[in-house]
Amino acid sequence: MADFKNILTDVKNGVLYLTVNREDKMNALNFDTLEELKVIFEEVSDNKEIKAVIITGSGEKAFVAGADISEIASLNEVNARKFAENGQEIFSKIENCHKPVIAVNNGYTLGGGCELAMACHMRIATANAKFGQPEVNLGIIPGYGGTQRLTILIGRGKANELMMTGDMIGAEEAKTLGLVNYVLPTKEEALGKAEEIIAKILSKAPLAIGMIIDCVNSVYVPDENGFQTEANSFARCVKSGDYKEGTSAFLEKRQPHFKGE
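In short, a report on the structure. For clarity, every value in this text was computed on a predicted model and none was experimentally measured.

### Notes on the environment of A190
- In this fold, A190 is placed in helix α8 (residues 187–202).
- Once the C-alpha coordinates of A190 and V104 are considered, the two residues, 86 residues apart in sequence, prove to be 6.4 Å apart.
- Not counting the four nearest positions on each side in its chain, A190 is found in contact with V104, I124, A125, T126 and L184.

If you want it as C-alpha cells, here you go:
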C-alpha cells in the first residue's frame, strides 16, 4: 500500500491497521485525509491480501476530534452540499466494505470522527473516549451521515438530544446506548480486543461475512426488501465452495478451511 501524508498504514497477518495521523490537530479530518481514506478503501475492496481493517487515531487523546474547522469555515451553500456528499460517499465505502472494519476509539470521537466510527461495522472504545456530534455549536449539522447512523444506532430520542444539545457522552454511556460494542481501559487493550474479534471472524467463510454486511445494511436502505436481499444472499452462499466445505467439515467433525470462493 502506498505511503500517505495523513494516514499511517500497516498490514499484519491480513489486517490493515489504519491510523489517522494528525495528532497535533487531534486527528481532525481535512479534505486530504478524506481523499486518502477513499483511496485506501478502494484498494481494500480489491486487495486479496487484506482481510480486515482496524481504524484508530494517532496518540492517546483522540480517535478523530472532528472535521477541520478551518476548511468548514470557508464553505458556501454550493460547495457545502458537495462537501457533505463527498464525505457520505467515502463513509459509505467503509460501511459497505465486504471485509470487517472495526474502529478503535481512543479518546475524543467527535463530529466527523464520530461519523467515521459509525460507518465502521463495530466500535471498541477506550475508557477515556468521548462521543458526540457537536456541529450545532458551529451553526451546522452533521453532514457525513451522522444524522442517519446515530439515529439507527441509539434511537430517535437520544440522537435528537445529542445532536440538538451538542453534548458529549462517555464510553460507558455510549456502550449502554449501543453506540459501541466494548469498552477497554487502554488503547492497547482495545486494539487487542479488536484483533481478537477479527481473528474469530477470519476463521469463518469470507463470502458469508460479506453477505451478512450486505443484509444488515439493507435494513436501512429505503425501498429495499431486506428479506429478499437475505434470500438472494443465502442462495449465493449455497452456490459457493465455502458452503460445501463448511457442511462437509461439520459432518466430518473437523475444522473447515474456507477459501472465500
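### Considering the packing of aromatic side chains
- Per the counting criterion, the structure on display carries 3 aromatic pairs.
- Where F31 meets F83, the ring centres are 5.7 Å apart and the plane angle is 70 degrees; that geometry is what we call edge-to-face. Taken as a pair, F31 in helix α1 (residues 31–46) and F83 in helix α3 (residues 77–95) lie far apart in primary sequence, 52 residues in all.
- You can call F83 buried: its relative accessible area is 16%.

### A short note on the side chain of D242
- Residue placement: D242 occurs in helix α11 (residues 241–251).
- Although D242 is buried, it forms no salt bridge, and the closest oppositely charged side chain is K259 at an N-O distance of 8.2 Å.
- The residues touching D242, leaving out its near neighbours within four places in the chain, are A205, P206, L207, F258, K259, G260 and E261.

### Points about the nonpolar core
- Ranked by internal contacts, the top residues of the largest apolar core, which has 30 residues, are L18, L37, F41, V53, I55 and F91.
- Residues in contact with V53, not counting those within four places in the same chain, are L16, L18, F41, V44, P100, V101, I102 and I198.
- Core analysis: the next-biggest nonpolar cluster, separate from the first, contains 17 residues, A52, I102, I124 and I213 among them.

### Overview of the packing of helix α9 (residues 206–218) against helix α10 (residues 226–238)
- Following both chains from N to C, one finds α9 and α10 inclined at 170 degrees, their axes separated by 9 Å at the closest point. What the angle tells us is that α9 and α10 run roughly antiparallel. Counting all contacts with α9, which are made through A208, M211, D214, C215 and S218, the residues of α10 involved are G226, T229, E230, S233, R236 and C237.
- Residues of the contact of α9 with α10, tallied by class, amount to 4 nonpolar, 4 polar and 3 charged.

### Focus on the side chain of E36
- As for its position among the elements, E36 is in helix α1.
- Although E36 lies buried, it forms no salt bridge, and the closest oppositely charged side chain, K5, sits 7.2 Å away as judged by the N-O distance.
- Separated by 3.0 Å, the side chain of E36 and the backbone nitrogen of N6 make a polar contact.
- Look past the residues within four positions of E36 in its chain and what remains in contact with it is F4, K5, N6 and I7.

### Side note on the sheet that holds strand β2 (residues 15–20)
- Across the sheet, 6 strands lie side by side as β1-β2-β3-β5-β7-β10; this open sheet has mixed pairing. Bordering the open sheet on either side are β1 (7–12) and β10 (182–184), each of which pairs with just one other strand. On average, adjacent strands in this sheet sit at an angle of 20 degrees to one another, irrespective of strand direction.

### Observations concerning a nonpolar patch on the surface
- Together, I152, I212, V216, V219 and Y220 make up an exposed nonpolar region whose accessible area comes to about 470 Å².
- Tracing the chain through its elements places Y220 in the loop between α9 and α10.

### With respect to the state of the cysteines
- For the structure shown, the criterion picks out 0 disulfides.
- The thiol of C215 is unpaired, and the distance to the nearest cysteine sulfur, on C237, comes to 8.0 Å.
- Given the relative accessible area of 17%, C215 is considered buried.

Conventions adopted
- Residues numbered from 1 in each chain as written.
- Predicted model: local features only at pLDDT ≥ 70, side-chain atom pairs only at ≥ 80, totals over all residues.
- Heavy atoms only, no water.
- Helix = DSSP H or I, 4+ residues; strand = E, 2+ residues; numbered from the N terminus.
- Contact = heavy atoms within 4.5 Å.
- Phe/Tyr/Trp six-rings, centres within 6.5 Å; stacked < 30°, edge-to-face > 60°.
- Buried < 20%, exposed > 50% of the residue type's maximum accessible area, 1.4 Å probe, protein only.
- Lys, Arg positive; Asp, Glu negative; His and termini not counted.
- Salt bridge = Lys/Arg side-chain N within 4 Å of Asp/Glu carboxyl O.
- Core = buried A, V, L, I, M, F, W, Y, C linked by side-chain atoms within 4.5 Å.
- Axes fitted to C-alpha atoms, helices over the stretch in contact; angles between N-to-C directions.
- Parallel < 35°, antiparallel > 145°, perpendicular 65-115°, else oblique.
- Nonpolar A, V, L, I, M, F, W, Y, C, P; charged D, E, K, R; others polar.
- Polar contact = N/O pair within 3.5 Å; in protein donor to acceptor, adjacent residues only side chain to side chain.
- Pairing = 2+ DSSP bridges.
- Patch = residues over 30% accessible without salt bridge, like charges linked within 9 Å, V, L, I, M, F, W, Y side chains within 5 Å.
- Areas by Shrake-Rupley, 256 points an atom, 1.4 Å probe, with all protein chains shown as cover.
- Disulfide = S-S within 2.5 Å.

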